[in-house]
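# Residue-level structure breakdown
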Amino acid sequence: MLYQFGPGHPFNPIRTKMTVDLLQCMGSLDDSYILTPRFAREEEILLGHSKDYVDFVKSIDDAGTLDGHAIDEELLLNYGIGTEDTPIFKNMHRAGLMAAGGTLEAIDLVLQGKAKHALSLMGGLHHALSGKGSGFCIYNDIVIGIKHILKNYHKKVLYIDTDAHHGDGVQWAFYDEPGVCTLSLHETGKYLFPGTGAVHERGSGAGYAFTVNIPLEPFTEDDSFIESYRESFEKVAEYFKPDIIITQNGADAHYQDPLTHLMLTMKSYHFIPKLAHELAHKYCRGKWVALGGGGYNIFQVVPRAWALIWLEMIHYEGRLDTLPRTWIEKWQKYWDGPIPEKWSDPQHPYEAIPRKEEISYKNEMNLKNALYSISNELVHKLDQRF
């Protein structure tokens, strides 16, 4: 696992290994479906990032120096590397190449007709900007992957982001691009990093109305989230009519996540891939690439949430009641807290939210305002462009 910021950092790649192991323990994933990700080529990374930024990341050696000299702190801050969120680590550049390569390989599998769906859990690094690392993200594999689609396949891309943190890097990369529609449901930036993703951020120029943001109030629960997700996803897919759907599946909106303030349970994480799967078949002949993302309750939340994506992809029809005992016993020794025994959360896992009606009402208003710009006139313009 190359992508490792070090002990104590909330971004821990062991969650990917735990997810794969969970699926294998329940007999729903065998080696024939697992591909070793390739390293992205430098020219592919440059689809999404400036050359000076890539050269800077490459120049940081294993000892944390730049071209043999101590790294200038101001230069580090300028490139967003060496911060508390995105510290320097060994093989940083190679780790970014592998994360991006996995996403590119998943996209190629789907668009070359070798698979209907593909899952790349190390992808989903949605905060990195063209010339700057940010929010645990070195290279933005999503931007690289979507630009790869535009350049080599000439397809319309619908990107859906359900991470609790707004997907700012992806939004800004395609803000004026009519061939890409981004839809993000996230905790409002009034209280959470990166502070973007307001309803009025709708795109610009030819890309106007192809950026859709649904900011959610802190302490949003399942019913309000699912309503916002279902209505916005269905509406946007209907008017955009994509050729491929890419989903970023951060699991940090769960009520047990330590870095956010949303209150979702596994009920939402069952529904998120279910709707994506349904709409991919309705509009894209099944073409769906799912990526990972945030999620910082490593042992209790992320493996369950991410495993459900794969189970949805393969039309798993078995009962999802108790987690495999072999999996629980294997991973319990790595953590001193309780690992859940069931796929679902307890019926009343937290105290009642006192402002539930107010929160739901604000989310409903944000949903209506976000979808306001989707009109028959814009549908007509979209048909003319393609």
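Now for a quick tour of the structure. From a predicted model like this one, the values you see are computed outputs, not experimental measurements.

Cut-offs applied
- Residues numbered from 1 in each chain as written.
- Predicted model: local features only at pLDDT ≥ 70, side-chain atom pairs only at ≥ 80, totals over all residues.
- Heavy atoms only, no water.
- Salt bridge = Lys/Arg side-chain N within 4 Å of Asp/Glu carboxyl O.
- Helix = DSSP H or I, 4+ residues; strand = E, 2+ residues; numbered from the N terminus.
- Buried < 20%, exposed > 50% of the residue type's maximum accessible area, 1.4 Å probe, protein only.
- Pairing = 2+ DSSP bridges.
- Right-handed = clockwise from strand over helix to strand, strands pointing away.
- Phe/Tyr/Trp six-rings, centres within 6.5 Å; stacked < 30°, edge-to-face > 60°.
- Lys NZ or Arg CZ within 6 Å of the ring centre and 35° of its normal.

## Describing the pattern of salt bridges
Under the criterion given, the structure shown has 15 salt bridges. Close ionic contact of Arg41 with Glu44 constitutes a salt bridge, the shortest N to O distance being 2.9 Å. A salt bridge links Asp55 to Lys51, with the nearest nitrogen and oxygen atoms 2.9 Å apart. Within this pair, Asp55 and its partner Lys51 are both found in helix H3 (residues 51–59), separated by four residues, close to a single helical turn. Look at Asp55 and you get partly exposed, because its relative accessible area is 30%.

## Looking at the pairing of strand E7 (residues 244–248)
Taken residue by residue, a regular strand's side chains alternate between the two faces of the sheet. A large share of E7 lies buried, amounting to five of its five residues. In E7, alternate side chains face the same way, and those of Ile244, Ile246 and Gln248 on one face and Ile245 and Thr247 on the other are all buried. Pairing of strand E4 (residues 157–161) with E7, which is carried by five bridges, proceeds in the parallel orientation. Bridge pairing in E7 links Ile160 to Thr247. A crossover connection joins E7 to the parallel strand E8 (residues 288–291) through helix H9 (residues 266–284); in handedness this β-α-β unit is right-handed.

## A look at the packing of aromatic side chains
By the definition in use, this model includes 20 aromatic pairs. On the numbers, 6.3 Å between centres and 20 degrees between planes, the contact of Phe210 with Tyr239 is stacked. Taken as a pair, Phe210 in the loop between strand E5 (180–187) and strand E6 (211–216) and Tyr239 in helix H8 (residues 222–240) lie far apart in primary sequence, 29 residues in all. On the basis of relative accessible area, Tyr239 is assigned to the buried category, the value being 4%. An angle of 55 degrees between the planes, with centres 5.4 Å apart, marks the rings of Tyr255 and Tyr350 as tilted. With Tyr255 in the loop between E7 and H9 and Tyr350 in the loop between helix H11 (325–332) and helix H12 (356–370), this pair connects stretches of sequence that are 95 residues apart. With a relative accessible area of 18%, Tyr255 lands in the buried category. Cluster of aromatic residues (ring-pair linked, three or more members): Tyr3, Phe5, Phe11, Phe89, Phe136 and Tyr296. Taking the ring centre of Phe11 as reference, the NZ or CZ of Arg15 above it sits at 4.5 Å. Against the face of Phe240 rests Lys156, its NZ or CZ located 5.4 Å from the ring centre.

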